[in-house]
Each structure stands twice: as structure tokens, then as C-alpha cells.
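Understanding the architecture of this molecule
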Amino acid sequence: MKKVCMYYFTGSGNTLKIAKHIQTVFNENGYECSLRNMEDSLEKNDELYTYIGLLFPVAIQSTFPLVWNFVNNLPEVTKQKIFMVDTLESFSGGVVGPMKKILTKKGYHCVGAIEIKMSSSMQRNSKKVEADQKKNVEAVKTASDFAKNLIAGKTRWNRVPILSDAMRSISKDRSIWTKQSQKLTIDHNLCIMCGICKKNCPVKAISDSTGKIEINHNLCESCMRCVNRCPKNAFKLGGKIVYQNK
Ligand SMILES: Cc1cc2nc3c(=O)[nH]c(=O)nc-3n(C[C@H](O)[C@H](O)[C@H](O)COP(=O)(O)O)c2cc1C
């Protein structure tokens, strides 16, 4: 049996949507394809797969520290084929090349990488919501085509050495994530203390021990999951409401 294991991380749901479409293409082509959340999958996995996939959002022109942590903790292998898919609003720069560098050192054979434009998980402009939805429709088609090309051996994973490493280095500084997180606030008049945000936070940055929901900005990576899952849309970004990706 041809087997694929795809590890994903998602904040507002875009990457999960793409992962599910790629999974369907694999299944339709006779592969057994499992989908695992990076947050729950840090344990070592010794199984052999036809492909391993890494799927995650772009953040600060790179990706979230927890994704880098996951990749850095992957076991060393011999010629295991691997592919990556990131979803983004417009531009990255610091992820495709640096990730290939880490994976190649660990013995992976990097067979394909693609960046797929989707809605912004931080959308605060009502006028852009419709355009975002259109982008997401197109994104699903791009993802399916990528998966078909992957199976046909027609994909590539290019690396632009110096520039991409320089861009990656910006997001290595924790203070950037803390500063980004400090833009997140909670409207306590709207918050109903349901605890959904706390339960879903991938880095356990949300607490309710003081009787109200609080964000630990030193832990938060601003993935927007809390913002997008809140049933009352009680989170604000830079004082403005975020249009949830539902
Ligand atoms: C903190 C943060 C930073 C982001 N930075 C970028 C960026 O540098 N470039 C870009 O094109 N998109 C950026 N985005 C947009 C997301 O990559 C994009 O909306 C992605 O599809 C979200 O995926 P998700 O729904 O799986 O979380 C950023 C989003 C967040 C939350």
C-alpha cells in the first residue's frame, strides 16, 4: 500500500482546507493518506511513507515558531520523500529555501514545494472579504493540481540561498512575535468565558485564572485561531474586528 503522512498546522482554517483537498487527491489515486496536526505529533515516527507532507501558513514572511520547532524535531532519515505546502496572503520569502536546507541535512528528499495564495487570517477590511473568498476557491484548484503533479513526479522545490536565509532570520527573534501578539486584545463586554480560545490555543498562551480571559503575549504566536474560533468575535486586532474565516 502506498502511504502518505501529512502534518499540518492551521490558525484560521485555510491550511486545513488545502490539506483535506490534497488528501482527497491522494486517496483517489490509491494512496492511504493520513492527516496529523503538528501540535499533537511531536513524537518520533519511524514508519516509512511514499511521501511525507508539511502544510502550514506563512507568518511574518516565514512561518510560526511552532512549525519550525516541529521541523527541527523531525527524525533523521534516508531519502524519505517530502513535500511542503504553505498558504499565504501575498508574499513569504523566508520559508521555502530555509526549510529545504534543514530537511536536506536530515536526509529528506525534497520533491515539491508550493505557496498557495488564500484569504488573510487577519482580515480587518470588509471590502476585501469577497475577494478573499474568490482566492480560496482558486486555491483549492491549485492544491489539487499540485497533488496530481506530485504523484506524476512533476513538482520542484527550489531554494534561493542567501536572500531566503536572511528573511528567515527576521522571524527567529521572539520579540517580533511578542510585538505582533500585543496588537491582540479582548473585548470583555463581548467575551462569554466559553473557554474555546483557551482550549484551542496551540501554545497554551490563554488563561482564565483571574476570572477573565487573558493572553500571555510572551507565549502567543498570533496564529489567529482564538480570533477565528471565538463565537462572539470578541478579539480585536489593532483595535479593529477581524473578519472570521468561517
Ligand atoms: C501573524 C501572521 C502573520 C502573517 N504574515 C504573512 C506574511 O508575511 N505574508 C503573507 O503573505 N501572509 C501572511 N499572513 C497570512 C496567512 O499566511 C494566510 O492568511 C494563511 O492562509 C492563513 O492560514 P491558516 O488559515 O491555515 O492559518 C500572516 C498571518 C498571520 C496570522
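In the nomenclature of an unreviewed UniProt entry, the protein is known as EFR1 family ferrodoxin of Vallitalea maricola.

**Re the domain arrangement of the protein**
With domains assigned, the protein is organised as domain 1 (2-170) and domain 2 (174-239). Each of domain 1 and domain 2 has a C-alpha centre, and the two are 25 Å apart. Taken residue by residue, the interface counts 15 residues in domain 1 and 13 residues in domain 2. Summed over both sides, the interface between domain 1 and domain 2 buries roughly 1,300 Å², with carbon and sulfur atoms accounting for 65% of that surface. Looking at the side of domain 1 facing domain 2, the largest losses of area belong to I60, F64 and M122, adding up to 33% of the total buried there. Counting every contact that joins domain 1 to domain 2 gives 1 salt bridge. The interface formed by domain 1 and domain 2 holds 4 residue pairs in polar contact (both at pLDDT 80 or more) in total. Here the residues of the side of domain 1 that touches domain 2 sort into 8 nonpolar, 5 polar and 2 charged.

**Thoughts on the packing of helix 1 (residues 14-28) against helix 4 (residues 129-151)**
Direction vectors running N to C along helix 1 and helix 4 enclose 40°, while the axes themselves pass 9 Å from each other. Regarding the angle of helix 1 to helix 4, the classification is oblique. Classified by chirality, the crossing of helix 4 by helix 1 is right-handed. Between helix 1, through N14, K17, I18, H21, I22, V25 and F26, and helix 4, the contact on the second element is made entirely by N136, A139, V140, A143, S144, A147, K148, L150 and I151. Its residues assigned to classes, the contact of helix 1 with helix 4 shows 10 nonpolar, 4 polar and 2 charged.

**Observations concerning the nonpolar core**
Residues L54, F56, V67, M99, L103 and W157 are the most contacted members of the largest nonpolar core, which totals 30 residues. If you list the elements that add at least two residues to this core, you get strand 1 (2-8), strand 3 (51-57), helix 2 (65-72), strand 4 (80-88), helix 3 (96-105) and strand 5 (108-117). Among all residues touching F56, those that are not within four sequence positions of it are F9, T15, M38, T63, V67, M84, V85, D86, T87, V95 and M99. Within the second largest apolar cluster, 23 residues are counted, among which are M6, Y8, C33 and F146.

**Concerning the packing of aromatic side chains**
Counting across every chain of the model gives 9 aromatic pairs. Through successive ring pairs, a cluster of aromatic residues spans F26, Y31, Y51, F83 and F146. Seen from the ring of Y31, K2 lies directly overhead, with NZ or CZ sitting 4.4 Å from the centre. Above the plane of the ring of W68 lies R168, whose end atom (NZ or CZ) is 4.0 Å from the centre.

Calculation rules
Here the residue index of a chain counts from 1 through its sequence in written order. This being a predicted model, a pLDDT of at least 70 is required before a residue's local features are given, and a value of 80 or more before pairs of side-chain atoms are given or counted; all residues contribute to the totals for chains, interfaces and linings. Water and hydrogen atoms were dropped before computing side-chain values, which therefore reflect all heavy atoms in the structure. Domain borders in the structure are assigned automatically or taken from a domain database. Pairs of residues are marked as contacts when any of their non-hydrogen atoms sit within 4.5 Å. Take the accessible area each of two parts loses on contact, using a 1.4 Å probe, and add the two losses: that sum is the buried area. Salt bridge, as applied in this entry: a Lys or Arg side-chain nitrogen positioned within 4 Å of an Asp or Glu carboxyl oxygen. Between N or O atoms, a polar contact is any pair within 3.5 Å; within protein, one atom must be a potential hydrogen donor and the other a potential acceptor, and residues adjacent in sequence are included only when both atoms are from side chains. Residues are grouped as follows: nonpolar covers Ala, Val, Leu, Ile, Met, Phe, Trp, Tyr, Cys and Pro; charged covers Asp, Glu, Lys and Arg; every other residue, Gly included, is treated as polar. Only C-alpha atoms enter the line fits that serve as axes; for helices the fit covers just the stretch in contact. Angles between N-to-C directions range over 0 to 180 degrees. A helix here means a DSSP run of H or I that spans at least four residues, while a strand means a run of E at least two residues long, and both kinds are numbered starting from the N terminus. When an angle is under 35 degrees it counts as roughly parallel; over 145 it counts as roughly antiparallel; between 65 and 115 it counts as roughly perpendicular; any other value is oblique. In this scheme the crossing of two helices becomes right-handed for a clockwise turn of the near helix relative to the far one and left-handed for an anticlockwise turn of less than a right angle. Buried Ala, Val, Leu, Ile, Met, Phe, Trp, Tyr and Cys residues that are joined via side-chain atoms within 4.5 Å together make up what is termed a nonpolar core. Only protein chains enter the calculation, and the probe is 1.4 Å; a residue is then buried if its accessible area is under 20% of its type maximum, exposed if over 50%, and partly exposed in between. Here is the rule: rings of Phe, Tyr and Trp (six-membered ring for Trp) pair when centre to centre is within 6.5 Å. Planes less than 30 degrees apart are stacked, more than 60 are edge-to-face, and the remainder are tilted. Lysine and arginine charges are scored as sitting over a ring when NZ or CZ, respectively, is within 6 Å of the ring centre and within 35 degrees of the ring normal.

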